[in-house]
Amino acid sequence: MAIFIRPPSSLSFLSSQTPSSLFTKPPKPHTFKTTSNLTRCQLSTLPILSFDGTKVGETSINLKSASPDTARAVVHRGITTDLNNKRRGTASTLTRAEVRGGGKKPFPQKKLGRARRGSQRTPLRPGGGVVFGPKPRDWSVKINKKEKRLAISTALASAAVNGIVVEEFGGKFEKPKTKEFIEALRRWGIDPKEKSMFFMTVDEVEDNVVLSSRNIGTLRMLTPRTLNLFDILNADKLVFTKGGLEYLNEAYGADDGEDEEDFEEETEEGTEAEEIVLPPSDA
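Just so you know, these numbers come straight off a predicted model, no measurement behind them.

## Overview of empty space enclosed by the protein
And then number 1: Inspection of the entire model under this criterion finds 1 cavity of 30 Å³ or more.
And then number 2: Estimates place the volume of the largest cavity at around 30 Å³.
And then number 3: The class makeup of the residues in the lining of the largest cavity is 2 nonpolar, 2 polar and 2 charged.

## A look at unusual backbone geometry
And then number 1: Even without glycine at this site, Lys-111 takes up a positive phi of about 75 degrees.
And then number 2: Inspection of the secondary structure puts Lys-111 in the loop between helix H2 (71-86) and helix H3 (145-159).
And then number 3: What makes Lys-111 exposed here is its relative accessible area of 86%.
And then number 4: Even without glycine at this site, Phe-132 takes up a positive phi of about 55 degrees.
And then number 5: Among the secondary structure elements, Phe-132 is positioned in the loop between H2 and H3.

## With respect to the pairing of strand E5 (residues 219-222)
And then number 1: Here strand E4 (residues 196-199) runs beside E5; their pairing, made up of 4 bridges, is parallel. Following the sheet pairing, Ser-196 is matched in E5 by Leu-219.
And then number 2: Note on the crossover from E4 through helix H5 (residues 207-213) to E5: the handedness is right-handed.

## Points about the packing of aromatic side chains
And then number 1: Overall, the coordinates contain 10 aromatic pairs when judged by the stated rule.
And then number 2: Considering the side-chain rings of Phe-169 and Phe-173, the 6.5 Å spacing of their centres and the 75 degrees angle between planes classify their relative orientation as edge-to-face. Phe-173 carries the same exposure label as Phe-169, and that label is buried.
And then number 3: These aromatic residues form a ring-pair network of at least three members: Phe-51, Phe-169, Phe-173, Phe-181, Trp-188 and Phe-198.

## As for the nonpolar core
A general trend in soluble globular proteins is that nonpolar side chains are found buried together.
And then number 1: Judged by nonpolar contacts, the single largest core of 30 residues is most densely connected at Met-197, Leu-227, Phe-240 and Leu-248.
And then number 2: What Met-197 contacts, discounting residues up to four positions off in sequence, is Arg-220, Leu-222, Asp-231, Ile-232, Ala-235, Lys-237, Leu-238, Val-239 and Phe-240.
And then number 3: Counting residues in hydrophobic clusters, the runner-up holds 17 residues, among them Ile-164, Val-166, Phe-181 and Leu-185.

Rules behind the numbers
- Residues numbered from 1 in each chain as written.
- Predicted model: local features only at pLDDT ≥ 70, side-chain atom pairs only at ≥ 80, totals over all residues.
- Heavy atoms only, no water.
- 1 Å grid on protein atoms, 1.4 Å probe; cavity = no way out; pocket = protein on both sides within 12 Å on 5 of 7 lines; lining within 4 Å.
- Points joined across faces, edges and corners; volume = space filled by probe spheres on them.
- Nonpolar A, V, L, I, M, F, W, Y, C, P; charged D, E, K, R; others polar.
- Helix = DSSP H or I, 4+ residues; strand = E, 2+ residues; numbered from the N terminus.
- Buried < 20%, exposed > 50% of the residue type's maximum accessible area, 1.4 Å probe, protein only.
- Pairing = 2+ DSSP bridges.
- Right-handed = clockwise from strand over helix to strand, strands pointing away.
- Phe/Tyr/Trp six-rings, centres within 6.5 Å; stacked < 30°, edge-to-face > 60°.
- Core = buried A, V, L, I, M, F, W, Y, C linked by side-chain atoms within 4.5 Å.
- Contact = heavy atoms within 4.5 Å.

Below you can see the structure in the form of structure tokens.
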């Protein structure tokens, strides 16, 4: 037996709201992401070696690093961007319309028993055009400045376990001598066959040091202007001078709390805006 329920004649409980407002979704609350979840400070201790190879002390390198969840993606985007921006994009081939010759039909269409051919510059023949060949193009990719700096600092922080700090050795070389530089590498515990990267400031670069090390194919001598992500990831050993380490701590080190203050101001502004936008409560 079917039971029918009669709806109420008056819908007074809906009088305070219009029917259209019943199906309107409430606005989503504003959410703010803190920078502490995106970046972190990674502190590493490095030994300080003299020119003779003896340990004279320890120092620390404190760099800003991406979080473990995003570090791999940030560094990958940085290295792929650098490699793409190095491409000149000048590779070019000629299509059958651009290659020279081929204006005359090589032989008649019929009576010879051969396959028909209209031009000698067809892609099927040697010397003919190229199908879907490369053309000059721009391979450059844009990357944000802060993202690139974060990729470099993340790579340095992860490779710091294989790094050492050496005292200033510019005045130790009286004349350019590759053999003496290789002996210094061995005193510092670096195999000359391993890939190594030296980072120093411009004031610490001496002519005799550059001339003594330029014939070593596995060694890269970098300054703040030439610091790049590829050489950092490609090196097996990292060697810093005291001046170079101070520059890295200042340029790629942790912030002094400015981001947290900016975040607090943005949060307060967002809260005030939310109070103004939200509709009044039914009560």
